[in-house]
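# Remarks on the overall topology
Chain residues, written in single-letter form:
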Amino acid sequence: MKYLTTKTLSALQKKEIIALWNAEFVTTIRMGGVEDLEKYLAGVTNHCHLFMLDEAGVIKGWFFTFDREGQRWFVMIVSSGFQGKGYGSALVAKGKEGHSELNGWVVDSLDYKIQNGITYRPPLDFYRKNGFEILPDIVQETPRLRTIKIRWTEKPEKIDLS
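Residues numbered from 1 in each chain as written. Predicted model: local features only at pLDDT ≥ 70, side-chain atom pairs only at ≥ 80, totals over all residues. Heavy atoms only, no water.

## Thoughts on the pattern of salt bridges
- This model, assessed by the stated rule, comprises 5 salt bridges.
- Close ionic contact of Asp 108 with Arg 146 constitutes a salt bridge, the shortest N to O distance being 2.9 Å. Highlighted residues: Asp 108 in the loop between β5 (101-107) and α4 (124-129) and Arg 146 in strand β7 (residues 146-153), separated in sequence by 38 residues.
- Residue Asp 108 is classed as partly exposed on the basis of its relative accessible area of 28%.
- Note on Arg 146: relative accessible area 27%, which makes it partly exposed. (Salt bridge = Lys/Arg side-chain N within 4 Å of Asp/Glu carboxyl O. Helix = DSSP H or I, 4+ residues; strand = E, 2+ residues; numbered from the N terminus. Buried < 20%, exposed > 50% of the residue type's maximum accessible area, 1.4 Å probe, protein only.)

Okay, structure coming up:
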């Protein structure tokens, strides 16, 4: 895998993000086109995009960090063909670099489907495994989606005083 970090998106990158989003996220938050992505991005500041690219340069993972309401947030998507193979953990590790805290929203129920009709698998165990705290009492609910907050905080290095 190759990784690419950028603050701006090309037209092709936008199309690949939308395709990845629509294939892997729940259908209730499907993006109709570039305008939907641009509207989403316009609602946040200080964007940074980290892409995981296959050998052909096609985006297979997206780790997007941004500022909102005084906190650093992230969104992450990994293509289903690359899940369960360590690629997501590698992408999270690279995405954490340079940050002391990251916040996100995660679906926590089996009540949703993805584009291919399969039930969406909430990634709570994945995030726990990668050092995130699950905050089930902090809920964001809209008519289209219910999510709970997750947070990763950098742990200070332990100093050996012996």
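## Regarding the packing of helix α1 (residues 11-24) against helix α2 (residues 34-42)
- Packing of α1 against α2 leaves a shortest axis separation of 10 Å and a crossing angle of 90°. If you check the angle between α1 and α2, you find them roughly perpendicular. The residues of α2 that touch α1, namely those facing Lys 14, Ile 17, Ile 18 and Trp 21, are Val 34, Leu 37, Glu 38 and Tyr 40.
- Of the residues assigned to the contact of α1 with α2, the class counts are 6 nonpolar, no polar and 2 charged. (Axes fitted to C-alpha atoms, helices over the stretch in contact; angles between N-to-C directions. Parallel < 35°, antiparallel > 145°, perpendicular 65-115°, else oblique. Contact = heavy atoms within 4.5 Å. Nonpolar A, V, L, I, M, F, W, Y, C, P; charged D, E, K, R; others polar.)

## Some points on α1
- With 14 residues, α1 should reach 20 Å at 1.5 Å per residue; the first-to-last C-alpha distance of 20 Å fits that figure.
- Listing the buried residues of α1 in full gives Gln 13, Lys 14, Glu 16, Ile 17, Ile 18, Leu 20, Trp 21, Asn 22 and Glu 24.
- On its buried side, α1 packs onto β1 (2-6), α2, β2 (45-53), β3 (59-68) and β4 (71-78). (Expected span 1.5 Å × (residues − 1).)

## Topic: the side chain of Glu 16
- The residue Glu 16 is located in helix α1 in this model.
- Within the buried core, Glu 16 has no salt-bridge partner, and the shortest N-O distance to an opposite charge, that of Lys 60, equals 7.7 Å.
- In this structure the side chain of Glu 16 is engaged in a polar contact, spanning 2.8 Å, whose partner is the backbone nitrogen of Ile 59.
- Discounting residues that sit within four places of it in the chain, Glu 16 has contacts with Gly 57, Val 58 and Ile 59. (Lys, Arg positive; Asp, Glu negative; His and termini not counted. Polar contact = N/O pair within 3.5 Å; in protein donor to acceptor, adjacent residues only side chain to side chain.)

## Details of the environment of Gly 84
- Structurally, Gly 84 is set in the loop between β4 and α3 (87-96).
- A relative accessible area of 87% places Gly 84 in the exposed class.
- Separated by 24 residues in the primary sequence, Gly 84 and Lys 60 place their C-alpha atoms 13 Å from one another.

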